[in-house]
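Observations on chain architecture
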Amino acid sequence: MLMEGFDRGVIPFLGLVMLVLAVVAFVFALVAREDAYRAADKQSKTFWLVILGVTVAVDFFLGMLFLQIAGLVATIVFFVDVRPALKQVSGGGGRRGGSSSDGPYGPYNGGR
């Protein structure tokens, strides 16, 4: 009974989460500039689009756990290694002004 609920509830939910992550990573890879990949010294844009596209296809159509896990690893690598490097090279991310002593509500130095 417990395994039946696990097979009907948790496993499909995890599959959906992996699919959503792969689609989001694919979109991020798609909108990044090709020269940013070269400047960040990462694999080419085409490489990541193919890897993430295959991951989306496997997650959506096949549902083979081994291939889904391999795709999840590729998606995680993209999110934790490639995307931050692309943002750094492209000038995205980081702080939006202010000094290094500024906190979320103003400067930590008492406004001096």
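Criteria and thresholds
Residues numbered from 1 in each chain as written. Predicted model: local features only at pLDDT ≥ 70, side-chain atom pairs only at ≥ 80, totals over all residues. Heavy atoms only, no water. Salt bridge = Lys/Arg side-chain N within 4 Å of Asp/Glu carboxyl O. Helix = DSSP H or I, 4+ residues; strand = E, 2+ residues; numbered from the N terminus. Patch = residues over 30% accessible without salt bridge, like charges linked within 9 Å, V, L, I, M, F, W, Y side chains within 5 Å. Areas by Shrake-Rupley, 256 points an atom, 1.4 Å probe, with all protein chains shown as cover. UniProt positions renumbered as here; feature names shortened; annotations may be inferred. Buried < 20%, exposed > 50% of the residue type's maximum accessible area, 1.4 Å probe, protein only. Axes fitted to C-alpha atoms, helices over the stretch in contact; angles between N-to-C directions. Parallel < 35°, antiparallel > 145°, perpendicular 65-115°, else oblique. Left-handed = near helix turned anticlockwise from the far one by under 90°. Contact = heavy atoms within 4.5 Å. Expected span 1.5 Å × (residues − 1). Bend = angle between axes of the 7 residues up to and from the residue.

As recorded in an unreviewed UniProt entry, the protein chain goes by the name Membrane protein, listed as coming from Streptomyces nojiriensis.

Moving on: the pattern of salt bridges. Any two side chains of opposite charge can pair, given that their charged atoms come close. According to the stated counting rule, one finds three salt bridges in the structure shown. Two residues, E34 and R38, come together in a salt bridge whose shortest N-O distance is 3.9 Å. Taken together, the positions of E34 and R38, both in helix 2 (residues 34-39) and four residues apart, correspond to about one turn of that helix. The closest approach of N and O atoms between K42 and D81, which form a salt bridge, is 3.1 Å. Highlighted residues: K42 in the loop between helix 2 and helix 3 (45-62) and D81 in helix 4 (residues 65-90), separated in sequence by 39 residues.

On the surface, L16, V20, V23, V24, V27, F28, L30 and V31 cluster together into a nonpolar patch covering about 630 Å² of accessible area. Mapped onto the elements of the fold, V31 is located in helix 1 (residues 2-31).

For the rest of this paragraph, the subject is the UniProt feature "transmembrane region" (unreviewed entry) in the protein chain. According to UniProt, the "transmembrane region" (unreviewed entry) feature falls on residues 12-32 and 47-80. Measuring from the first to the last C-alpha atom of residues 12-32 gives 31 Å, for a span that is 95% helix and 0% strand. Secondary structure content for residues 47-80 is 94% helix and 0% strand, and the end C-alpha separation is 17 Å.

Note that G71 resides in helix 4. Judged by relative accessible area, which is 5%, G71 ranks as buried. Counting along the chain gives 15 residues from G71 to V56, while the straight-line C-alpha distance between them is 8.1 Å.

Two numbers describe how helix 3 lies on helix 4: the axes approach to 9 Å, and their chain directions differ by 140°. It follows that helix 3 is oblique to helix 4 by the angle criterion. Pair helix 3 / helix 4 crosses with left-handed handedness. Residues W48, I51, L52, T55, V58, D59 and L62 of helix 3 form the contact with helix 4, whose own contacting residues are L67, Q68, G71, A74, T75, V77, F78 and V82.

Time to look at helix 4. Helix length check: helix 4 (26 residues) gives 35 Å between terminal C-alpha atoms against 38 Å at 1.5 Å per residue, within 8%. At F78, helix 4 is deflected by roughly 40°, the largest bend along its length. Every buried residue of helix 4 is accounted for by Q68, G71, A74, T75, F78, V82, A85 and L86. Positive backbone phi, approximately 85°, marks G91, located one or two places after helix 4.

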